[in-house]
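Descriptive analysis of the structure
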Amino acid sequence: MKLIYVASPYAGDIERNTEFAKDACRFVMNEGHAFFAPHLLYPQVLNEHDSDDRRLGLDMGKEALAHCDELWVFGDTVSRGMQSEIDAARELGIPIKYVAAQEMAERERPFAERHPFCSMRL
């Protein structure tokens with residue numbers, strides 16, 4: 001199982017973008033991998049509207065990126081934050097995969113369908 005760094009838009013329409021990021025994480029799980037989505041984690045602790053906190057969150061995300069197997073870029077738009085993650089992945093030699101929103105919709109299938117052990121009762 002690979003660890004996939006999930007890059008998707010966050011700033012702007014945060015509520016809509018958060019739901020999209022969750023869908024991206026489910027997509028990664030449905031592909032049989034683990035995910036790391038810093039933009040779903042760090043805003044729980046940091047203030048997205050404070051420029052210092054936002055920069056800290058981006059920096060910590062890029063630090064974690066070094067421990068991921070791949071960077072997957074989700075959606076049809078690349079934000080400035082996402083571009084900095086893409087640039088960091090290139091510098092680190094980490095493979096990058098682009099996943100369009102349409103591909104996410106077309107390939108959606110339940111995680112339990114791909115991984116029957118998840119639906120086993122203990």
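Here, the structure is the one placed above.
Just so it is clear, the structure is predicted and the values come from calculations on it, not from any experiment.

Our focus in this paragraph is the environment of L56. Position of L56 relative to the elements: it lies in helix 3 (residues 51–65). Separated by 14 residues in sequence, L56 and Y42 place their C-alpha atoms 9.1 Å apart.

Moving on, we come to helix 1 (residues 14–30). End to end, helix 1 covers 24 Å across 17 residues, agreeing with the expected 24 Å (1.5 Å per residue, within 8%). Here helix 1 has its buried residues at N17, T18, A21, A24, C25, F27, V28 and N30. G32 sits one or two residues past helix 1 and shows a positive phi near 90 degrees.

Among the nonpolar cores identified, the biggest contains 15 residues, and Y5, F36, L65, L71, V73 and A89 are the most heavily contacted of them. Put simply, the parts of the chain that give this core at least two residues each are strand 1 (3–7), helix 3, strand 3 (70–74) and helix 4 (80–92). Broken down by element, the residue count for this core peaks at four residues, all from helix 4. With sequence-adjacent residues up to four places away left out, Y5 is seen in contact with F36, P38, G61, K62, L65, C68, E70, L71, W72 and E85. In this structure, I4, V6, A37 and F74 belong to the second largest nonpolar core, which totals 11 residues.

Turning our eyes to something else, we now look at the packing of aromatic side chains. Taken as a whole, this structure holds five aromatic pairs when the rule is applied. Geometrically, the ring pair formed by F36 and Y42 is edge-to-face, given 6.4 Å between the ring centres and 70 degrees between the ring planes. A single burial state applies to F36 and to Y42, both of which are buried. The ring centre of W72 lies 4.3 Å from the NZ or CZ of K97, which sits over that ring.

Looking at the largest pocket, its volume works out to about 290 Å³. Taken together, 22 residues line the largest pocket, and the ones lying closest to its centre are Y10, H39, E48, R54 and L58. For the lining of the largest pocket, the secondary-structure elements that each account for two or more residues are helix 2 (38–41), helix 3 and helix 4. Partitioning the lining of the largest pocket into residue classes produces 10 nonpolar, eight polar and four charged.

So, on to helix 3. Spanning 15 residues, helix 3 covers 21 Å between terminal C-alpha atoms, matching the ideal 21 Å at 1.5 Å per step. Of the residues making up helix 3, those classed as buried are G57, L58, G61, A64 and L65. All buried residues of helix 3 project into a common sector of 125 degrees when viewed along the axis, lining one side. Away from its buried face, by an angle of more than 90 degrees, helix 3 presents the exposed residues D52 and E63. Of the surrounding elements, those touching the buried residues of helix 3 are strand 1, strand 2 (34–36), helix 2, strand 3 and helix 4. For helix 3, the N-terminal capping position is held by D50, with its side-chain oxygen 2.9 Å away from the main-chain nitrogen of D52.

Parameters and conventions
- Residues numbered from 1 in each chain as written.
- Predicted model: local features only at pLDDT ≥ 70, side-chain atom pairs only at ≥ 80, totals over all residues.
- Heavy atoms only, no water.
- Helix = DSSP H or I, 4+ residues; strand = E, 2+ residues; numbered from the N terminus.
- Expected span 1.5 Å × (residues − 1).
- Buried < 20%, exposed > 50% of the residue type's maximum accessible area, 1.4 Å probe, protein only.
- Core = buried A, V, L, I, M, F, W, Y, C linked by side-chain atoms within 4.5 Å.
- Contact = heavy atoms within 4.5 Å.
- Phe/Tyr/Trp six-rings, centres within 6.5 Å; stacked < 30°, edge-to-face > 60°.
- Lys NZ or Arg CZ within 6 Å of the ring centre and 35° of its normal.
- 1 Å grid on protein atoms, 1.4 Å probe; cavity = no way out; pocket = protein on both sides within 12 Å on 5 of 7 lines; lining within 4 Å.
- Points joined across faces, edges and corners; volume = space filled by probe spheres on them.
- Nonpolar A, V, L, I, M, F, W, Y, C, P; charged D, E, K, R; others polar.
- Arc of directions from axis to C-beta.
- Polar contact = N/O pair within 3.5 Å; in protein donor to acceptor, adjacent residues only side chain to side chain.

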